[in-house]
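The chain contents come next:
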Amino acid sequence: MMKPDPKPYADDLALMVEASRLAADIAMSHFRQDPEVWYKHGGRSPVSEADIAIDELLNKVLLAARPDYGWLSEEAEDTEHRLAHRRVFIIDPIDGTRAYVAGRPDWCVSVGLVEDGKPVAGVLAAPARGEIWHGHSGGGAFLNDVRLGTAEPGLQDTPLRVAVPDMVAKVMRPGAQDSLNKVAGGPSLALRVAAVAQGELDGVFVRPQASEWDLAAADTLLGETGHVLVDRAGARMLYNEPDPSRGLLLAASRGQVPGLLALLQSPDGH
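Some words on the overall build of the protein
Within the protein, the secondary structure is distributed over seven helices and 14 strands. Principal-axis analysis of the C-alpha atoms gives the protein an extent of 50 × 50 × 35 Å. Here the protein holds 270 residues, and the buried ones make up 51% of them. In the protein, of all internal contacts separated by at least 6 residues, the share reaching a separation of at least 24 is 62%. Carbon and sulfur atoms form 51% of the exposed surface of the protein, whose accessible area is close to 12,800 Å².

Listed below in structure tokens is the structure:
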């Protein structure tokens, strides 16, 4: 079977990088300027005026250039129309809004593209950290202009550095965490997953109820560096599903996935 031509993804990625830079400019114009904030989901999730402005900007720029692509964004009403599209932009205008409104730098604009349910291009613009993560299927993954290396199988002589949310820790086998170097995850799930692609973290457990827009862009970086994003059964995550939310997930290298999933209790609690 012939491999897909990566050039269309490269063209899409160039568009996404340019759009993310414009979005980052909007974000920085409001950053640490006391932006207007309101809350959704019963007061659990903050939304800033920058989130809305970025969503509108990305929608305008990306769909003007790719009118035949679908659209899924955290800050836009979801409709079933996207399900009819092979290629869909999946957007989180600001991933890590709590950090953003608090004036902390660990947030990003997440711009992903999926085709037939698989991530094929992604950009994470983290301007407060001076970072743009980007990659496309078949073209590698980069932090700014530095190409990320590929996970190498081999012996592990130190405990794995793994982010374990409290909700996930509750469903681990007794004593399982003792074998890990458990690290703080940080406010942006997308940047946590990118840290796995970079090799800074060996794994990230993702608590249930994360959504496609949290993960699509970063998942492209994983795929280009020998890593995967899987559910508890080890199945790869698929995108542009009718329900964009997910259960417990794990981002790690292919070689580390079986051992890390084995730390979890079975769904029946054993």
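Past the structure itself, the notes keep going.
Observations concerning the nonpolar core
Across soluble globular proteins, you tend to see nonpolar side chains buried next to one another. Membership of the largest hydrophobic core comes to 37 residues, with the highest contact counts inside it found for Ile-90, Leu-124, Trp-133, Val-204, Leu-215, Leu-229 and Tyr-239. Mapped by element, the contributors of at least two residues to this core are strand S4 (87-95), strand S5 (108-115), strand S6 (118-126), strand S8 (140-143), helix H5 (189-198), strand S12 (203-206), helix H6 (212-223) and strand S14 (249-253). For this core, the element with the highest residue contribution is H5, accounting for eight residues. Setting aside its immediate chain neighbours within four residues, Tyr-239 contacts Ile-90, Val-114, Gly-117, Pro-119, Glu-212, Leu-215, Ala-216, Asp-219, Leu-229 and Arg-246. Core analysis: the next-biggest nonpolar cluster, separate from the first, contains 30 residues, Phe-31, Ile-94, Val-120 and Ala-121 among them.

Section: the pattern of salt bridges
Per the stated rule, a full pass over the model turns up nine salt bridges. Here Asp-12 ties to Arg-66 by a salt bridge, and the two come within 2.6 Å at their closest N and O atoms. Residue Asp-12 is located in helix H1 (residues 7-30), and its partner Arg-66 is located in the loop between helix H2 (49-65) and strand S3 (70-73); the two are separated by 54 residues in the primary sequence. Residue Asp-12 is classed as buried on the basis of its relative accessible area of 1%. As a salt-bridge pair, Arg-86 and Glu-115 come within 3.8 Å of each other at their nearest N and O atoms. A residue pair is termed long-range when its members are at least 10 positions apart, and Arg-86 in the loop between S3 and S4 and Glu-115 in strand S5 qualify at 29 residues. Judged by its relative accessible area of 53%, Arg-86 falls in the exposed class. Because the salt bridges share partners, they merge into one network encompassing Asp-12, Arg-66, Arg-86, Arg-87, Glu-115 and Asp-116.

A look at the sheet that holds S6
Spatial ordering of the open sheet is given by S3-S4-S5-S6-S7-S8-S9, a layout of seven strands whose pairing is mixed. Every other strand in the sheet has two partners, leaving S3 and strand S9 (146-147) as the edge strands with one partner each. Each of S3, S4, S5, S6, strand S7 (131-136) and S8 touches H6; the most contacted strand, S6, lies at about 100° to it.

What about H5?
Burial within H5 is extensive, with nine of its ten residues counted as buried. Of the residues making up H5, those classed as buried are Leu-189, Ala-190, Leu-191, Arg-192, Val-193, Ala-194, Ala-195, Val-196 and Ala-197. Of the residues flanking the end of H5, it is Gly-199, one or two places downstream, whose phi is positive at about 95°.

Describing unusual backbone geometry
Not every positive phi belongs to a glycine, and Asp-116 is a case in point at roughly 50°. Mapped onto the secondary structure, Asp-116 falls in the loop between S5 and S6. Even without being a glycine, Asn-144 presents a positive backbone phi close to 55°. Considering the arrangement of structural elements, one finds Asn-144 in the loop between S8 and S9.

Here's the deal with the packing of H5 against H6
For the pair H5 and H6, the least separation of the axes is 9 Å and the interaxial angle reads 10°. Relative to H6, the element H5 is oriented roughly parallel. Each of Leu-189, Ala-190, Val-193, Ala-194, Val-196 and Ala-197 in H5 lies in contact with H6, whose residues at this interface are Asp-214, Leu-215, Ala-218, Leu-221 and Leu-222. Taken together, the residues of the contact of H5 with H6 sort by class into ten nonpolar, no polar and one charged.

Some remarks on the sheet that holds strand S13 (residues 227-231)
Read from one edge of the open sheet, five strands run S11-S10-S12-S14-S13, paired in mixed fashion. In this open sheet, the two edge strands, each paired with only one partner strand, are strand S11 (180-183) and S13. Direction aside, neighbouring strands of the sheet carry axes that sit 25° apart on average. Where S13 lies against S14, five bridges are found, and the strand directions are antiparallel. Across the sheet, Asp-231 pairs through a bridge with Leu-249, a residue of S14.

Analysis parameters
Residues numbered from 1 in each chain as written. Predicted model: local features only at pLDDT ≥ 70, side-chain atom pairs only at ≥ 80, totals over all residues. Heavy atoms only, no water. Helix = DSSP H or I, 4+ residues; strand = E, 2+ residues; numbered from the N terminus. Buried < 20%, exposed > 50% of the residue type's maximum accessible area, 1.4 Å probe, protein only. Contact = heavy atoms within 4.5 Å. Areas by Shrake-Rupley, 256 points an atom, 1.4 Å probe, with all protein chains shown as cover. Core = buried A, V, L, I, M, F, W, Y, C linked by side-chain atoms within 4.5 Å. Salt bridge = Lys/Arg side-chain N within 4 Å of Asp/Glu carboxyl O. Pairing = 2+ DSSP bridges. Axes fitted to C-alpha atoms, helices over the stretch in contact; angles between N-to-C directions. Parallel < 35°, antiparallel > 145°, perpendicular 65-115°, else oblique. Nonpolar A, V, L, I, M, F, W, Y, C, P; charged D, E, K, R; others polar.

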